[in-house]
Amino acid sequence: MSSEPKPWAGRFTEATDAFVEAFTASVDFDKRLAPYDIQGSIAHAAMLKRIGVLSEEECQIITQGLEQIRGEIERGEFSWSVKLEDVHMNIEARLTERVGEAGKKLHTGRSRNDQVATDVRLYLRHEIDRIIREILRLQTGLLDLAEREADTIMPGFTHLQVAQPVSFGHHLLAWYEMLSRDRERLLDCRKRVNIMPLGAAALAGTTFPLDRFYTAELLGFDRPAANSLDAVSDRDFAVEFTACASLIMMHLSRFSEELILWTSAQFDFIDLPDAFCTGSSIMPQKKNPDVPELVRGKSGRVFGHLMSLLTLMKSQPLAYNKDNQEDKEPLFDTVDTLRNCLRAFADMMPHVRPNRDSMYNSAQKGYATATDLADYLVRRGVPFRDAHEIVGKAVRLGIETGRDLAHLSLTELQRLSATIGPDVFEILTLEGSVRARNHFGGTAPDQVRAAVKQARQRLEEVAKT
Ligand code: ARG
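The text that follows walks through the structure, step by step, so that each part is easy to find. Going along each chain's sequence as written, the residues are numbered from 1 onward. Only residues with pLDDT of at least 70 get local features here, since the model is predicted, and only at 80 or more are side-chain atom pairs given and counted; chain-wide, interface and lining totals rely on the full set of residues. As a rule here, side-chain values cover all heavy atoms of the structure and leave hydrogens and water aside.

**Concerning the pattern of salt bridges**
Here comes step 1: By definition, a salt bridge exists where a carboxyl oxygen of Asp or Glu is found within 4 Å of a side-chain nitrogen of Lys or Arg. If you walk through the whole model with that rule in mind, you get 41 salt bridges.
Here comes step 2: A salt bridge links aspartate 347 to arginine 137; its shortest N-O distance comes to 2.9 Å. In this pair, aspartate 347 sits in helix H13 (residues 328-348) while arginine 137 sits in helix H7 (residues 112-148), placing the two residues 210 residues apart along the sequence.
Here comes step 3: Per-residue accessibility, obtained with a 1.4 Å probe over protein chains only, is compared with the maximum for each type, and a residue is labelled buried under 20%, exposed over 50%, and partly exposed between these values. A relative accessible area of 35% means that arginine 137 is categorised as partly exposed.
Here comes step 4: The salt bridge involving aspartate 144 is made with arginine 456; its shortest N-O contact spans 2.8 Å. Here the residue aspartate 144 occupies a position in helix H7, and arginine 456 occupies one in helix H20 (residues 445-464), the gap between them amounting to 312 residues.
Here comes step 5: Residue classification places aspartate 144 among the partly exposed residues on the basis of a relative accessible area of 33%.
Here comes step 6: Put simply, Arg32, Glu127, Arg130, Asp336 and Arg339 are held in one network by salt bridges that share partners. Numbered from the N terminus, helices here are DSSP runs of H or I no shorter than four residues, and strands are runs of E no shorter than two.

Take a look at the structure:
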């Protein structure tokens, strides 16, 4: 049995069972909310002063006390107690220990229910901003590389079979686009995160004439939550964030998969810097793409957290339930995992070295310009279905004789279709094929350069906001 008095012990006649005390405590993981808890408490105190619940002096004492506690925590001098259950009661108890009577007044018109919901939202808002900065860094790296590689030709794939040649820069810009949507989704999610629960108290609001709009303004929230029951109970904002995070991890996992394939000897499209790879303890020749492999693997835990949070919420009656304490570990791990994965990718991107010859040679192997030949025939009046058939035969001839389309003779080609002229060899080259897809969103190197330019302008606008 524990002997430490609880802040809520008044109605209890027995002490908490020692195991139950440890089982129900959250301080081991929610102490990372401390800076936001303090920030929220300082704003709450300022509002209580404004409405006359705290005197000027009490507010000052409380604020100074909380600032000192912030220092203790930052210096690692704060002694966290499981007996005080969570971050909120640890800080409040320490405040009263430090400043006496005034500290006991801080919790007026407030409950841990609206306090914790506020803390989590302040935390998540801060983390979303950090994550967005990492996405922007990764996107900038992609644009730089895409611009350098606008003229680099690689095979584009469908079904992982060579399909049509594309600019490597264009391929990289596909990743840029996915990350743009990811960033927009996070910004949109942030709007719903940035609503203040404080003032909802336990569930029904409070008898004190709180100025919630004032507290919201002090904390940089867009507005106070409009319904007290909703404010303390829902964690949909955490689910939504984790869904956004899952999509980003899904993208990073696909991106990882390509990097892993491309570094293999079979593809040999790129080199990753040694600093981002590791060796094998037994095979001396090995250089493994560990960073992308880990990122691919870590997508699983984030998807898992999304399921955890959805399941956590799905049967909860209004309003607050202790279940909600279980929101923190999945959310924190999602934030950490996502930020670290983005950071690794952003750090790695400027060091990705393409093997241009290898990409080019590979694009030459799979009859990648077959569609160009079909389009050429269509321009000479052959219906597309017939053109498809003719080119199919040309490909078969190529396979049988071990040659690419560009290496078939004019006579051989004309035997398949008399409309073919000597100009056909221009469109059968990889360069000609890529250059010909010269429209908005296409792979022509000029389009890639224009897309990079536009994307840079967009990023500059984003940086201003
Ligand atoms: N540690 C709790 C949580 O994370 C704080 C809120 C506790 N409220 C309560 N009524 N027991 O949800």
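**Observations concerning the packing of helix H11 (residues 236-263) against H13**
Here comes step 1: Orientation is described by axes fitted as lines to C-alpha atoms, over the contacting stretch for helices, and by angles from 0 to 180 degrees between their N-to-C directions. Taken N-terminus to C-terminus, the directions of H11 and H13 make an angle of 35 degrees; their axes are 10 Å apart at the nearest point. Seen along the crossing, H11 lies across H13 with a hand that is left-handed. The residues of H13 that touch H11, namely those facing Ala238, Phe241, Thr242, Ala245, Ile248, Met249, Leu252, Phe255, Ser256 and Leu259, are Leu331, Thr334, Val335, Thr337, Leu338, Cys341, Leu342, Phe345 and Met348.
Here comes step 2: Residue polarity follows a fixed list, in which Ala, Val, Leu, Ile, Met, Phe, Trp, Tyr, Cys and Pro are nonpolar, Asp, Glu, Lys and Arg are charged, and the others, Gly among them, are polar. Classifying every residue of the contact of H11 with H13 gives 15 nonpolar, four polar and no charged. Throughout, a crossing is termed right-handed when the near helix is turned clockwise from the far one, and left-handed when it is turned anticlockwise from it by less than a right angle. The contact rule is simple, with two residues in contact once any of their heavy atoms fall within 4.5 Å.

**Topic: the pairing of strand S1 (residues 153-158)**
Here comes step 1: We call two strands paired when DSSP finds no fewer than two bridges between them. Two strands pair when backbone bridges link them, and S1 and strand S2 (residues 161-167) are joined in this way by six bridges, in the antiparallel orientation. By the bridge assignment for S2, isoleucine 153 is matched with serine 167.
Here comes step 2: Joining the antiparallel neighbours S1 and S2 is a turn of two residues, in which histidine 159 adopts a positive phi near 55 degrees.

**Notes on H20**
Here comes step 1: A helix is expected to span 1.5 Å multiplied by its residue count minus one. Counted at 1.5 Å a residue, the expected span for H20 with its 20 residues is 28 Å, and the 29 Å between its end C-alpha atoms agrees.
Here comes step 2: For H20, the set of buried residues is Pro445, Gln447, Val448, Val452, Ala455 and Leu459. For H20, the arc enclosing every buried residue in end-on projection is 140 degrees, short of the 170-degree limit, so these residues lie on one face. Opposite the buried face of H20, at more than 90 degrees from it, the exposed residues are Asp446, Lys453, Glu460 and Lys464. For this quantity, the arc is that covered by the directions from the helix axis to the C-beta atoms.

**Observations concerning the site of the ligand**
Here comes step 1: Near the ligand you find Ser26, Asp30, Asp86, His88, Arg112, Asn113, Val116, Tyr320, Gln325 and Lys328, and these make up its full shell.
Here comes step 2: Throughout this description, a polar contact denotes any pair of N or O atoms lying within 3.5 Å of each other; where both atoms belong to protein, one of them has to be capable of donating a hydrogen while the other can accept it, and for residues adjacent in sequence the pair is counted only when both atoms sit in side chains. The side chain of tyrosine 320 places a nitrogen or oxygen atom 2.5 Å from an oxygen atom of the ligand.
Here comes step 3: The contact in question runs from an oxygen atom of the ligand to an N or O atom on the side chain of lysine 328, over 2.6 Å.
Here comes step 4: For the ligand, the protein covers 86% of the area, taking 340 Å² as the surface of the free molecule. For this purpose, a residue is taken to be near a molecule or strand whenever a single non-hydrogen atom of the residue falls within 4 Å of it. Here the open area of atoms and residues is found with the Shrake-Rupley method and a 1.4 Å probe, where only the protein chains shown may cover a residue.

**Considerations on the side chain of histidine 251**
Here comes step 1: Inspection of the secondary structure puts histidine 251 in helix H11.
Here comes step 2: The residues touching histidine 251, leaving out its near neighbours within four places in the chain, are Trp175, Met178, Asp182 and Arg185.

**Here's the deal with a nonpolar patch on the surface**
Here comes step 1: Only residues whose relative accessible area exceeds 30% and that form no salt bridge are eligible for patches; like-charged ones are grouped when within 9 Å, while nonpolar side chains (Val, Leu, Ile, Met, Phe, Trp, Tyr) are grouped when within 5 Å. A cluster of nonpolar side chains, namely Phe19, Val20 and Phe23, defines an oily patch on the protein surface of about 350 Å² accessible area.
Here comes step 2: In this structure, phenylalanine 19 sits in helix H1 (residues 18-24).
Here comes step 3: Residue classification places phenylalanine 19 among the exposed residues on the basis of a relative accessible area of 58%.

**As for the packing of aromatic side chains**
Here comes step 1: Think of it this way: a Phe, Tyr or Trp ring, Trp meaning its six-membered ring, pairs with another when their centres are within 6.5 Å, and the plane angle makes it stacked under 30 degrees, edge-to-face over 60, tilted otherwise. Scanning the entire structure with this criterion turns up eleven aromatic pairs.
Here comes step 2: Taken together, a centroid distance of 6.5 Å and an interplanar angle of 40 degrees make the contact between tryptophan 262 and phenylalanine 269 tilted.
Here comes step 3: Tryptophan 262 gets classed as buried once you look at its relative accessible area, which sits at 4%.
Here comes step 4: On the basis of relative accessible area, phenylalanine 269 is assigned to the buried category, the value being 1%.
Here comes step 5: Ring centres of phenylalanine 267 and phenylalanine 269 lie 5.3 Å apart, and the angle between their planes is 85 degrees; on these two criteria the pair is classed as edge-to-face. In this pair, the class of phenylalanine 267 matches that of phenylalanine 269, namely buried.
Here comes step 6: By the ring-pair criterion, three or more aromatic residues cluster together here, those being Phe157, Phe168, Trp262, Phe267 and Phe269.
Here comes step 7: One Lys or Arg, arginine 11, reaches over the ring of phenylalanine 12 and ends 5.7 Å from the middle of that ring.
Here comes step 8: Both a distance and an angle decide whether a charge sits over a ring: NZ of Lys or CZ of Arg must be within 6 Å of the ring centre and within 35 degrees of the ring normal. The ring of tyrosine 214 carries the charged tip of arginine 50 above its face, separated from the ring centre by 4.0 Å.

**Structural notes on a negative patch on the surface**
Here comes step 1: Charge assignment in this entry is limited to Lys and Arg as positive and Asp and Glu as negative, and neither His nor the chain termini are counted. By convention, the charge on Lys lies at NZ, on Arg at CZ, on Asp at CG and on Glu at CD. The grouping of Asp28, Asp323, Glu326 and Glu329 at the surface amounts to a negative patch.
Here comes step 2: Summarising the element assignment, glutamate 329 is placed in helix H13.
Here comes step 3: Taking the relative accessible area as the measure of exposure, glutamate 329 reaches 38% and is therefore partly exposed.

**Let's talk about the packing of helix H12 (residues 290-313) against H13**
Here comes step 1: The geometry of H12 relative to H13 is characterised by a closest axis approach of 9 Å and an angle of 155 degrees between their N-to-C directions. Judged by the inter-axis angle, H12 sits roughly antiparallel to H13. Pair H12 / H13 crosses with left-handed handedness. On the side of H12, the interface is formed by Val291, Pro292, Val295, Lys298, Arg301, Val302, His305, Ser308 and Leu309, while H13 contributes Pro330, Asp333, Thr334, Thr337, Cys341, Ala344, Phe345 and Met348. Throughout, the term roughly parallel applies to angles under 35 degrees, roughly antiparallel to angles over 145, roughly perpendicular to angles from 65 to 115, and oblique to all others.

**Here we look at the side chain of aspartate 327**
Here comes step 1: Along the chain, aspartate 327 falls in the loop between H12 and H13.
Here comes step 2: You can call aspartate 327 buried: its relative accessible area is 1%.
Here comes step 3: In this structure the side chain of aspartate 327 is engaged in a polar contact, spanning 2.9 Å, whose partner is the side chain of lysine 328.
Here comes step 4: Residues in contact with aspartate 327, not counting those within four places in the same chain, are Val120, Arg235, Leu309 and Leu312.

**Describing the environment of glutamate 326**
Here comes step 1: Relative to the helices and strands, glutamate 326 is located in the loop between H12 and H13.
Here comes step 2: Remark: the alpha-carbon pair of glutamate 326 and leucine 309, spanning 17 residues in sequence, is separated by 8.3 Å.

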